[in-house]
Each structure stands twice: as C-alpha cells, then as structure tokens.
Amino acid sequence: MELPEELTKVIQLTKEQNTWRRTETINLIASENVMSPLAEAVYMSDFMSRYAEGKPYKRFYQGTKYVDEIESLAIELMNEVTPAKNSDLRPISGTIANAAVFRILANPGDKALIAPVQAGSHVSHTKFGTLGALGIQHIEMPFDKENINVDVDKAIKMIEEVKPKFVVLGGSLYLFPHPTKELAPHVHAVGAKLVYDAAHVYGLIVGKAWSNPLDEGADVMTTSTHKTFPGPQGGSILSNDDELFKEISRTIFPWFVSNHHLHRLPATAVTLIEMKYFGKDYASQITKNAKKLAEALAERGFKVVGEHLGYTKSHQVAVNVRELGGGAKIAKLLEEANIIVNKNLLPCDTPETVSNPSGLRIGVQEMTRYGMREDEMDEIAELMKKVAIDGKDPKEVRKEVIELRKRFLEVKYTFNVDLSSYSSKSIPMII
Ligand SMILES: *Cc1c(COP(=O)(O)O)cnc(C)c1O
C-alpha cells in the first residue's frame, strides 16, 4: 500500500523538528536540555511499553524483574549524587512531584507561602495551578526587588503570623538562591514544612554549583529531571526525613501516577552516572557561561537584570527588553533568527502583563552541554544585538546562527560509547 499522506506528514514533521532544533537553532529556553545519545538509546527500549504499578519488588503485575532492578539502581544513584537519603522517581513530571508533596502537607483550605508569581514562582505553586487544584491557598511572601529575592525579615514575620502548613522556595525565573537556611528554622518553629522546588537547578546541585537545600533545612525537595539536569522529561521527590518521605511515597501511586513511564528509568540512570563523573565540570561551565552571557549582553547595551549582584548565580540570565518593544516582540524576532528564548515576567512587572512582559529569560545549560564556552556566549550576545538592538533582518542573522550552531552538534559531558557495538537493531532517530 502506498503510504497515506498523513503518515508522510508525521514523519516529515518529526524530521523537520529534529533538524531545526537539533542542528540549526541556538536553544536558550531555561527549562530545556538534551539527553546524550547513550541516554536516548536506552530510552528507546522495551521499558517504554510496560507497566510496573507500585514500588520495586512490590508490583501489581508480573514481568517487572528488570524494571525492579533498574528503578532500584536509579534510586541509589540519585541518592548518591544528590546526595539524599531517599528518592522517588515515579512522578512523571515536576508538577506531579509537587502535587504529591503538597497534597500530603496540606488539606483543602490550608495555607501555603510561596515566592511572588512575577518573581519566579512556578505555576504549580499557585492558586492558578496545582496548589489551586488541591484547594490550598497561596499567599505570596514579600519580595525585595533590590536583592531580587524573598525579603527574609518580612517573610519571617509572615511565617509567624500566617502559620502556613508549608513554604515553597525555588522557582522558574531563578537567578539567585532563595534563603533556605535563613527561613528553615522559622518555618519549623511554627510546625510547618519547607519544600524546595529544585526543578531548574537540580543539575547545578548535583554538580555542586548550587547548595543542596536538603543540607540547609529543606524537609523535602521536588525536581524535574530535564532542565539543568540533562535527563529525560520527568520528576522526582527527595528527602532526608524518612517518615515524611514514606508518607509521600505511599501516595504517589495510586493518587498521582499509575504507570510511571518506565523508559525514563534507564535514561535517568545513565544521566545520573554522567552527572556523577562529569557533573562538576558541566555545572561549573554552565554558571560561568551564564555570567559571561549576561556581561556580554550588558556590554552591548542590553538591560540585564541584577547588575549590582553580578547578574546571576544560576544557568539563567534575565533581560529587560521593555524599551526594545517588550518580551513578546523580541522573543518572536529572535525566533525568526533561530535563537530560541522565552518571554518572561520580571519582578518589576505586574502579573497582568503575562502575555507581554518586560523580560526575556535565557538559559545556557543546553548549549553548554553541546560544548559552548565563554567565547560562544560572546558570539550569541552579538547575534542577539544584531536582531534586537541593531534591527537587522532576522532572516539574515539566521544564517550566522546556523553557522555557529553547526560547530556544536555533539553532546559533551558523557561517555564515548560505540552504540552499534551493543545493537544490531538500534532504533534510529529520524534526523
Ligand atoms: C519546570 C518547573 C516545574 C514543573 O516541571 P514539569 O516537569 O514541567 O511539570 C516545577 N517547578 C518549577 C520551579 C519549574 O520551573
């Protein structure tokens, strides 16, 4: 039978996606990353077709002996490299990890304190997202715009007055570490728990470029496994508190996941091993690149957020492009030039400007994984200037972007493995 037109279309779209985002764009979305070919190879495995409800060695179905082993191994590796006493990899995303934790820590009607939305809280921390779905009230902690961080003294007062069930730190626009050790004793003094959402910075934590919140008083840490930690899309919950962990872990299945997408497990395990051996170098290069990109943009006339604080300590750079036409317009123009960033609210914005905020959020973790260093950050800043400040035709700039990208097509910070030696029937990516 001749291939149906719609089938050709699906294959074509997949190929186009792969060619565009893997070989022609400078990817600067702060929440994205790529797996190594090795992790992708184990991701495309029979695990992707199976079920394993329950926990390792305590399943509801047969056929899971290798799932049990791989899940136990991934948990051990995660405990080792974080480090943490307990990890649960079953949440299929960071949002699901948050849902499982929030549900255990509070009941409908209870209160949770979060960082303000325009200061970087993730939607899952808010009444508009997961917290709201669980019927928990969100109250925003006071924010110090000068320090681009939660206002410690005022937050402590609020914790004492409101007596929330839990406080959430960590965010999606996240330049400087939230005051975990400063707030932890005050959170505990009112009988509340401190949740640290490390979705963005987990790779930096593993690579020792960011402090481990579990060492600084956080009771539980949630994360995604695909932002600065360059694994498959997924989530995880980690804690040093055995009792609390047990309680949360007991409800992930059946409350929030049935199947936990088992092909994530070997791919996450591979990434954990990569981070065990290369994570320090990777994380340190990420933070150097972010700082360098911020400086290079500022030198070229961009209004980069946080100059007086050294711009950033994370993988992110935030730029205020209000005077250049706003985040929506500039992000779109950059996309035409194959530079992929997202528009973002900045602390100076009101939440209402969400569709045309002042900011761009830029993350360097993916291009760092492809081997880019400080010199390339300079090149990227120059290309962004051409589009956003000089008003050059983005289609012209695109040619230079593609040229730059073509020099960085191989994932670094991984092992050299001849995949063909393991397989006569590897599943090829359509590229
Ligand atoms: C990305 C993000 C999440 C959600 O992760 P998903 O895997 O996309 O559900 C949670 N919290 C923060 C702070 C994030 O930035």
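What counts, and where the lines are drawn
- Residues numbered from 1 in each chain as written.
- Predicted model: local features only at pLDDT ≥ 70, side-chain atom pairs only at ≥ 80, totals over all residues.
- Heavy atoms only, no water.
- Phe/Tyr/Trp six-rings, centres within 6.5 Å; stacked < 30°, edge-to-face > 60°.
- Helix = DSSP H or I, 4+ residues; strand = E, 2+ residues; numbered from the N terminus.
- Buried < 20%, exposed > 50% of the residue type's maximum accessible area, 1.4 Å probe, protein only.
- Contact = heavy atoms within 4.5 Å.

*Asks:* Any chance you could explain the packing of aromatic side chains here in plain terms?
*Replies:* For any pair of aromatic rings, the description rests on two quantities: the centre-to-centre distance and the angle between the ring planes. In the structure shown here, the tally under the stated rule is nine aromatic pairs. Seen in terms of ring centroids, Tyr51 and Tyr61 are 6.1 Å apart; in terms of plane orientation they differ by 70°. Their pairing is edge-to-face. Note that Tyr51 is positioned in the loop between helix 2 (37–43) and strand 2 (54–55) and Tyr61 in the loop between strand 3 (58–59) and helix 3 (65–81), a separation of 10 residues in sequence. Taking the relative accessible area as the measure of exposure, Tyr61 reaches 38% and is therefore partly exposed. Summarising the aromatic geometry, the rings of Trp255 and Phe256 are spaced 6.4 Å apart at their centres and angled 80° between planes, so their arrangement reads as edge-to-face. Relative accessible area serves as the criterion here: at 46%, Trp255 is assigned to the partly exposed category. Residue Phe256 is classed as partly exposed on the basis of its relative accessible area, which comes to 22%. The structure contains a cluster of three or more aromatic residues connected by ring pairs, namely Tyr277, Phe278 and Phe415.

*Asks:* It is not clear to me how the environment of Val417 should be interpreted in this structure. Could you clarify?
*Replies:* Counting through the fold element by element, Val417 comes out in the segment after helix 14 (394–406). Val417 sits 376 residues away from Ala41 along the chain, and the two C-alpha atoms are 11 Å apart. Sequence-distant contacts of Val417, that is, excluding residues within four places in its chain, are made with Leu38 and Tyr422.

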